[in-house]
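Survey of secondary and tertiary structure
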Amino acid sequence: MDALTTSLKIAASGLGAQSERLRIVSENLANAQSTGNFPGADPYQRKTVSFVSELDRISGGSLVEVGAIDRDRSAFPLEFQPGNIAADENGYVKLPNVNVLIEMADMTEANRSYEANLQVIRQARDLISMTIDLMRTP
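Residues numbered from 1 in each chain as written. Predicted model: local features only at pLDDT ≥ 70, side-chain atom pairs only at ≥ 80, totals over all residues. Heavy atoms only, no water.

As annotated in an unreviewed UniProt entry, the protein carries the name Flagellar basal-body rod protein FlgC and comes from Aquamicrobium ahrensii. You can read under Sequence similarities (unreviewed entry) in the UniProt record for the protein the words "Belongs to the flagella basal body rod proteins family." Reading the Subunit (unreviewed entry) entry of the UniProt record for the protein gives the comment "The basal body constitutes a major portion of the flagellar organelle and consists of four rings (L,P,S, and M) mounted on a central rod. The rod consists of about 26 subunits of FlgG in the distal portion, and FlgB, FlgC and FlgF are thought to build up the proximal portion of the rod with about 6 subunits each." (UniProt positions renumbered as here; feature names shortened; annotations may be inferred.)

Structure (structure tokens):
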């Protein structure tokens, strides 16, 4: 494979990985206030994404893939809300271990990585178009 096709394949794998990361961050943000449905129940548990590098034998490029989607094992914060349906016998409710500031930072980083990969694809497409135009010129 030529270098431009390899760069397209690498950037496309990055787009897929960052798209999955944005999906997980969005899910975390959507559930940032989701408590349990009965007294003492565990609330929504934050999800995390890890990436792995995979060698593409055809192109020789190193592609990025989603390695695993895990659960954050940090403790659930407790808040005193005796009227809440999820409150235990002492009136405390377990809240999700989602920190909105961390999720927003992750979203910003994933968005910038996505845009960078998209720019690589645009550049490669433009170079391929210029090469074809040069070949057509007599």
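We are not done yet, so read on.
1. Observations regarding the overall build of the protein
Within the protein, the secondary structure is distributed over 2 helices and 4 strands. Along the protein, helices (α) and strands (β) appear in the sequence α-β-β-β-β-α when read from the amino end. Against the compact-globule benchmark of 14 Å for 138 residues, the protein has a radius of gyration of 22 Å, which places it well outside the compact range. With respect to the three principal axes, the spread of C-alpha positions in the protein is 85 × 25 × 20 Å. Out of the 138 residues in the protein, the part that is buried amounts to 25%. Of the roughly 8800 Å² of accessible surface on the protein, a fraction of 55% belongs to carbon and sulfur atoms. On the protein, the mean spot of the 13 positive side-chain charges and the mean spot of the 18 negative ones are 5 Å from each other. (Helix = DSSP H or I, 4+ residues; strand = E, 2+ residues; numbered from the N terminus. Rg over C-alpha atoms; globule rule 2.2 N^0.38 Å. Buried < 20%, exposed > 50% of the residue type's maximum accessible area, 1.4 Å probe, protein only. Areas by Shrake-Rupley, 256 points an atom, 1.4 Å probe, with all protein chains shown as cover. Lys, Arg positive; Asp, Glu negative; His and termini not counted. Charge placed at Lys NZ, Arg CZ, Asp CG, Glu CD.)

2. Let's talk about the side chain of K47
Mapped onto the fold, K47 is located in strand β1 (residues 47-55). At 2.6 Å, the side chain of K47 forms a polar contact with the side chain of E27. Apart from residues no more than four positions distant in its own chain, K47 is found in contact with I24, E27, N28, I69, D70 and R71. (Polar contact = N/O pair within 3.5 Å; in protein donor to acceptor, adjacent residues only side chain to side chain. Contact = heavy atoms within 4.5 Å.)

3. With respect to the pattern of salt bridges
Close approach of charged atoms allows side chains of opposite charge to pair. The full count for this structure, using the stated rule, is 11 salt bridges. For the salt bridge of D72 with R46, the shortest nitrogen-to-oxygen distance reads 3.4 Å. In this pair, D72 is assigned in the loop between β2 (62-71) and β3 (78-80) and R46 in the loop between α1 (3-30) and β1, connecting sequence segments 26 residues apart. Just as D72 is buried, R46 falls in that class too. Here E103 and R46 are joined by a salt bridge, their closest N and O atoms 2.3 Å apart. Pair noted here: E103 is in helix α2 (residues 100-136) and R46 is in the loop between α1 and β1, with a separation of 57 residues, a long-range link. Within the structure, one salt-bridge network assembled from shared partners comprises R21, R46, D72, E103, D106 and E109. (Salt bridge = Lys/Arg side-chain N within 4 Å of Asp/Glu carboxyl O.)

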